[in-house]
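One letter stands for each residue in the lines below.
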Amino acid sequence: MENHKDVGINFGRSLIVPCVQELAKKSITKIPPRYVRQDHQKPFLTSSDDTSNLSIPVIDLHALFSTDSESSTYSSELNKLHSASKEWGFFQVINHGISESLLEDFKSEVLKLFKLPMEEKEKLWQKEDCQEGFGQLFVASEDQKLDWCDKFYVNTLPLNIRNSKLFQKLPPILSEKVDTYSREIKKVAVGILGEMGKALGMSKEEMGELFDDGAQFLQMNYYPQCPEPELAMGFSPHSDATGLTILYQLTKTTGLQVRKHGNWVSVKPLPNALVVNIGDIMEVVSNGVYKSIEHCATVQSNEERLSVATFYSSNMGVEVGPARSLVAQHNVANFRRVAFEEYYKDFFARKLDGKSNLEFMKL
Ligand SMILES: O=C(O)CCC(=O)C(=O)O
Ligand SMILES: [Fe+2]
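Residues numbered from 1 in each chain as written. Chains lettered and ligands numbered in written order. Predicted model: local features only at pLDDT ≥ 70, side-chain atom pairs only at ≥ 80, totals over all residues. Heavy atoms only, no water.

- Looking at an unreviewed UniProt entry, one finds the protein chain named Fe2OG dioxygenase domain-containing protein, with Lactuca sativa as its source organism.
- Quoted verbatim from the Sequence similarities (unreviewed entry) heading of the UniProt record, the comment on the protein chain is "Belongs to the iron/ascorbate-dependent oxidoreductase family." (UniProt positions renumbered as here; feature names shortened; annotations may be inferred.)

Some words on the side chain of Lys-260
- Inspection of the secondary structure assignment puts Lys-260 in strand E10 (residues 256–260).
- Filtering out sequence-adjacent residues up to four positions away, Lys-260 remains in contact with Leu-54, Glu-87, Trp-88 and Val-265. (Helix = DSSP H or I, 4+ residues; strand = E, 2+ residues; numbered from the N terminus. Contact = heavy atoms within 4.5 Å.)

As for the side chain of Asp-240
- Along the chain, Asp-240 turns up in the loop between strand E8 (235–238) and strand E9 (244–249).
- Buried within the structure, Asp-240 lacks any salt-bridge partner; Lys-151 is the closest side chain of opposite charge, at an N-O distance of 9.6 Å.
- Reaching out from Asp-240, the side chain makes a polar contact with the side chain of His-238 at a distance of 3.0 Å. (Buried < 20%, exposed > 50% of the residue type's maximum accessible area, 1.4 Å probe, protein only. Lys, Arg positive; Asp, Glu negative; His and termini not counted. Salt bridge = Lys/Arg side-chain N within 4 Å of Asp/Glu carboxyl O. Polar contact = N/O pair within 3.5 Å; in protein donor to acceptor, adjacent residues only side chain to side chain.)

With respect to the site of ligand 1
- Close to ligand 1 lie 13 residues; Tyr-223, His-238, His-295, Arg-305 and Ser-307 are nearest.
- Side-chain polar atom of Asn-221 to an oxygen atom of ligand 1: 3.2 Å apart, as the coordinates give it.
- Bound to the protein, ligand 1 loses 98% of the 290 Å² it would expose on its own.
- Of all the secondary-structure elements, those providing two or more residues to the shell around ligand 1 are strand E7 (214–223), E8 and strand E14 (305–315).
- Here the shell around ligand 1 takes four residues from E14, the largest share from any one element.
- Residues of the shell around ligand 1, tallied by class, amount to six nonpolar, five polar and two charged. (Near = heavy atom within 4 Å. Areas by Shrake-Rupley, 256 points an atom, 1.4 Å probe, with all protein chains shown as cover. Nonpolar A, V, L, I, M, F, W, Y, C, P; charged D, E, K, R; others polar.)

A word on the UniProt feature "domain: Fe2OG dioxygenase" (unreviewed entry) in the protein chain
- Mapped onto the present numbering, the UniProt feature "domain: Fe2OG dioxygenase" (unreviewed entry) falls at residues 214–314.
- Structurally, residues 214–314 is divided into 6% helix and 47% strand, and its ends, taken at the C-alpha atoms, are 4 Å apart.

As for the packing of helix H4 (residues 100–114) against helix H7 (residues 172–200)
- Packing of H4 against H7 brings their axes to within 9 Å, and their N-to-C directions diverge by 135°. Overall, the two elements H4 and H7 adopt an arrangement that is oblique. In the crossing of H4 with H7, the sense of the turn from one axis to the other is left-handed. Side by side, H4 and H7 meet where Leu-102, Leu-103, Asp-105, Phe-106, Glu-109, Val-110 and Leu-113 of the first sit next to Ile-173, Leu-174, Lys-177, Val-178, Thr-180, Tyr-181 and Glu-184 of the second. (Axes fitted to C-alpha atoms, helices over the stretch in contact; angles between N-to-C directions. Parallel < 35°, antiparallel > 145°, perpendicular 65-115°, else oblique. Left-handed = near helix turned anticlockwise from the far one by under 90°.)

Overview of the coordination of the iron ion (ligand 2)
- Only His-238 (NE2), Asp-240 (OD) and His-295 (NE2) from the protein reach the iron ion (ligand 2) as donors, at distances of 2.1 to 2.2 Å.
- Mapped onto the sequence, the donors of the iron ion (ligand 2) take the spacing H-x1-D-x54-H. Taken as a pair, His-238 and Asp-240 share a single burial class, namely buried. (Donors = N, O, S within 2.8 Å, 3.2 Å for Na, K, Ca; no water.)

Observations regarding the sheet that holds E14
- Spatially, eight strands are ordered E3-E4-E12-E9-E14-E7-E6-E5 in an open sheet, and the strand pairing comes out mixed. Every interior strand has two partners, whereas the edge strands, strand E3 (58–60) and strand E5 (133–135), have only one. Between one strand axis and the next, the sheet turns by 25° as a mean value, whatever way the strands run.
- Two elements, E9 and E14, share six bridges in a ladder whose sense is antiparallel. Its bridge partner being in E14, Gln-249 is matched across the sheet by Ser-307.
- The strands touched by H7 within the sheet are strand E4 (90–94), strand E6 (150–157), E7, E9, strand E12 (274–278) and E14, with E9 carrying the most contacts at an inclination of about 130°.
- Sheet contacts for helix H8 (residues 204–211): E7 and E14; angle to E14, the most-contacted strand, approximately 115°. (Pairing = 2+ DSSP bridges.)

Focus on the packing of aromatic side chains
- If you walk through the whole model with that rule in mind, you get 12 aromatic pairs.
- Note on Trp-125 and Phe-134: the rings are 5.6 Å apart at their centroids and 25° apart in plane angle, and the pair reads as stacked. Each member of the pair, Trp-125 together with Phe-134, is buried.
- Every member of this aromatic cluster is reached through a ring pair, and the members are Tyr-153, Phe-217, Phe-340, Tyr-343, Tyr-344 and Phe-360.
- Seen from the ring of Phe-235, Lys-151 lies directly overhead, with NZ or CZ sitting 3.6 Å from the centre.
- The ring of Trp-88 has Lys-260 lying over it, and the distance from NZ or CZ to the ring centre is 4.4 Å. (Phe/Tyr/Trp six-rings, centres within 6.5 Å; stacked < 30°, edge-to-face > 60°. Lys NZ or Arg CZ within 6 Å of the ring centre and 35° of its normal.)

Some words on the pattern of salt bridges
- On inspection of all chains with the given rule, the structure shows 18 salt bridges.
- One salt bridge connects Lys-115 with Glu-304, and the closest N-O pair in it is separated by 3.3 Å. Of the two residues, Lys-115 is situated in the loop between H4 and helix H5 (118–123) and Glu-304 in the loop between strand E13 (295–297) and E14; the sequence distance between them amounts to 189 residues.
- Classification of Glu-304 as partly exposed rests on a relative accessible area of 25%.

Structure follows, in structure tokens:
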């Protein structure tokens, strides 16, 4: 991992790719071959799937963060969190404490960012050696298929991983909102992780040492309308490398799909809710009790879609590996232990491919 003065920390690189939004503007009727997927790469939900009525669990964070840990509402919410993390790896949270006005302001700034003219976007485009800015991630070769999506990726916390040069180039209100939003999301992530630690039987100290000042990355995803949505993918199937991911769906358009028992379940955006999912690091820390789940995003012909994923990882400088207390509890370590830097270097060097990232951690 390189450490650049003024430019935070560079966790990886990705080949520079064209802007999908510009392509979509050209009123084309066919998408270029680089975006066309083979059938087996497209996990589309069909209306005949019997999972189409399933929906991911909803957790009330007001009840979960209650100071009265003896109350029955708290213990029932904690049980819900534990089973959602084991069975689904995905849930939505309501009453998360982030104000509606912040969510609205942040949303309008993100929309404005993607609507900037191309000359302005070019100034914020990725560079050869750094994946921050506009572009796509995990593009490792020129013949790799591309997602029908433009992304804007930034390191946000702790402050020493922030690329101050990039932040200075952002519209000032956006950089202020990114800052406030990332701090608020961090509180939610740390709160949920703390409760997961309790549910797993870990001590508060052990969980804190792993996650109290985690590395946080923010990824804004813009999925333009697509003339051939059945041939393209918005986001290839993958699991997230993080501890927890918190996803804010900015538009009402559905697109996120989650793998459940080999089928794909669509996650319908709930008003004022955030989607939370277990990442690979949390699967490793929990020694495999919690599961990071494959998910993907589809695109539509008549509606664009926007989402912001915040990836909350473990503390930098702390090894990624199963919690020692759980290894003792289970009498077995199911994953190996690697330096944080090695873990991420490996992750960003490959293309996204389902849960393959965890394979190299398995024992
Ligand atoms: O846009 C979505 O719903 C999915 C985004 C996602 O999976 C990610 O950013 O890792
Ligand atoms: Fe994801």
